[in-house]
Amino acid sequence: MSRIGKQPIAIPTGVTITVGDSEITVAGPKGSLNVLIQPNTTTKVEGDQIIVTRKDDEANSKAWHGLQRSLLNNAVQGVTQGFEKKLEVNGVGFRLSGGGKQIELALGFSHPIKYTAPEGIDLKVNKMEITVSGIDKQKVGQVAAEIRALRKPEPYKGKGIKYVDETIIRKAGKAGSTKP
């Protein structure tokens with residue numbers, strides 16, 4: 001049995017789960033998410049728990065089993081608490097402005113970059129920090145990765161956009177001349 005797949009998911013109060021033919025709808029206080037049903041898995045709501053089982057013991061079924069449980073757990077967590085990622089901007093002359101759905105970044109290019117968030121994602125700017133938040137874990141991670149890709153941190157001075165908890169391995173630069 002999959003170590004992840006066999007664990008039941010607790011349904012918090014205020015969350016409703018609807019199992020359909022091809023997708024599962026998870027609705028809560030922050031919104032609603034749809035999770036596709038993976039092949040060779042079955043999902044049952046028993047009391048205040050969601051139980052995911054698989055139909056056979058083939059390798060693909062085992063992989064789908066754990067994935068289905070993780071996707072459902074992320075949906076339940078998203079509609080109750082939500083997800084967020086924080087990005088930090090480092091660099092002389094780099095600036096941030098905006099918030100809500102659109103931010104403007106001055107990252108040392110000849111023009112400012114305007115980034116518009118997709119539906120369901122909220123952007124907050126606090127000095128040199130960007131907070132990406134939403135109920136869909138995949139969308140939050142994707143938007144954070146897209147913003148980071150606008151100016152990846154470089155290894156010599158550490159300039160660029162990085163995750164708050166990310167460590168940038170620094171390189172030594174030029175050592176200088178050894179001639180007398």
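Model, not experiment: these values are computed from the prediction.

Asks: I would appreciate a short explanation of the sheet that holds strand β12 (residues 129-134) in the present structure.
Replies: Remark on secondary structure: sheet strands pair via backbone hydrogen bonds, oriented parallel or antiparallel. The sheet built from 4 strands is open, its strands ordered β11-β12-β7-β13 with antiparallel pairing. Looking along the sheet, the strands with just one partner apiece sit at the ends: β11 (121-126) and β13 (160-163). This sheet shows a mean twist of 25° between the axes of neighbouring strands, independent of strand direction. Sheet topology places strand β7 (residues 83-90) next to β13; 4 bridges connect them, and they run antiparallel. Note on β13: the bridge partner recorded for V89 is I161. Packing of helix α2 (residues 137-149) onto the sheet brings it into contact with β7, β11, β12 and β13, and relative to β7 it is tilted by some 5°.

Asks: Could you clarify how one ought to interpret the layout of surface pockets in this entry?
Replies: Where empty space is left can be seen by rolling a probe of water-molecule size over the atoms. Size it by volume and the largest pocket reaches roughly 170 Å³. As for the largest pocket, its lining consists of L33, N34, V35, L36, L71, N74, A75, F83, I135, D136, K137 and Q138. Those elements that provide at least two residues to the lining of the largest pocket are β4 (31-36), α1 (59-80) and α2. Of the residues forming the lining of the largest pocket, the biggest block, 4 residues, is contributed by β4. When the residues that make up the lining of the largest pocket are grouped by side-chain class, the tally is 7 nonpolar, 3 polar and 2 charged.

Asks: In this structure, what is going on with the pattern of salt bridges? I would like to understand it.
Replies: Pairing is possible between side chains that carry opposite charge, provided their charged atoms lie close to one another. For the coordinates displayed, the defined rule picks out 4 salt bridges. One salt bridge connects K86 with E129, and the closest N-O pair in it is separated by 3.9 Å. Taken together, the positions of K86 in strand β7 and E129 in strand β12 put the pair 43 residues apart, joining distant regions of the chain. Residue classification places E129 among the partly exposed residues on the basis of a relative accessible area of 23%.

Asks: Explain the side chain of S61 to me, please; I cannot follow it from the model alone.
Replies: Looking at the element boundaries, S61 is found in helix α1. A distance of 2.5 Å separates the side chain of S61 from the side chain of D56, its partner in a polar contact. With near-sequence residues (within four places) excluded, S61 lies in contact with N40, R54 and D56.

What counts as what
- Residues numbered from 1 in each chain as written.
- Predicted model: local features only at pLDDT ≥ 70, side-chain atom pairs only at ≥ 80, totals over all residues.
- Heavy atoms only, no water.
- Pairing = 2+ DSSP bridges.
- Helix = DSSP H or I, 4+ residues; strand = E, 2+ residues; numbered from the N terminus.
- Axes fitted to C-alpha atoms, helices over the stretch in contact; angles between N-to-C directions.
- Contact = heavy atoms within 4.5 Å.
- 1 Å grid on protein atoms, 1.4 Å probe; cavity = no way out; pocket = protein on both sides within 12 Å on 5 of 7 lines; lining within 4 Å.
- Points joined across faces, edges and corners; volume = space filled by probe spheres on them.
- Nonpolar A, V, L, I, M, F, W, Y, C, P; charged D, E, K, R; others polar.
- Salt bridge = Lys/Arg side-chain N within 4 Å of Asp/Glu carboxyl O.
- Buried < 20%, exposed > 50% of the residue type's maximum accessible area, 1.4 Å probe, protein only.
- Polar contact = N/O pair within 3.5 Å; in protein donor to acceptor, adjacent residues only side chain to side chain.

In short, the description is geometric, and any link to function would need to be established separately.
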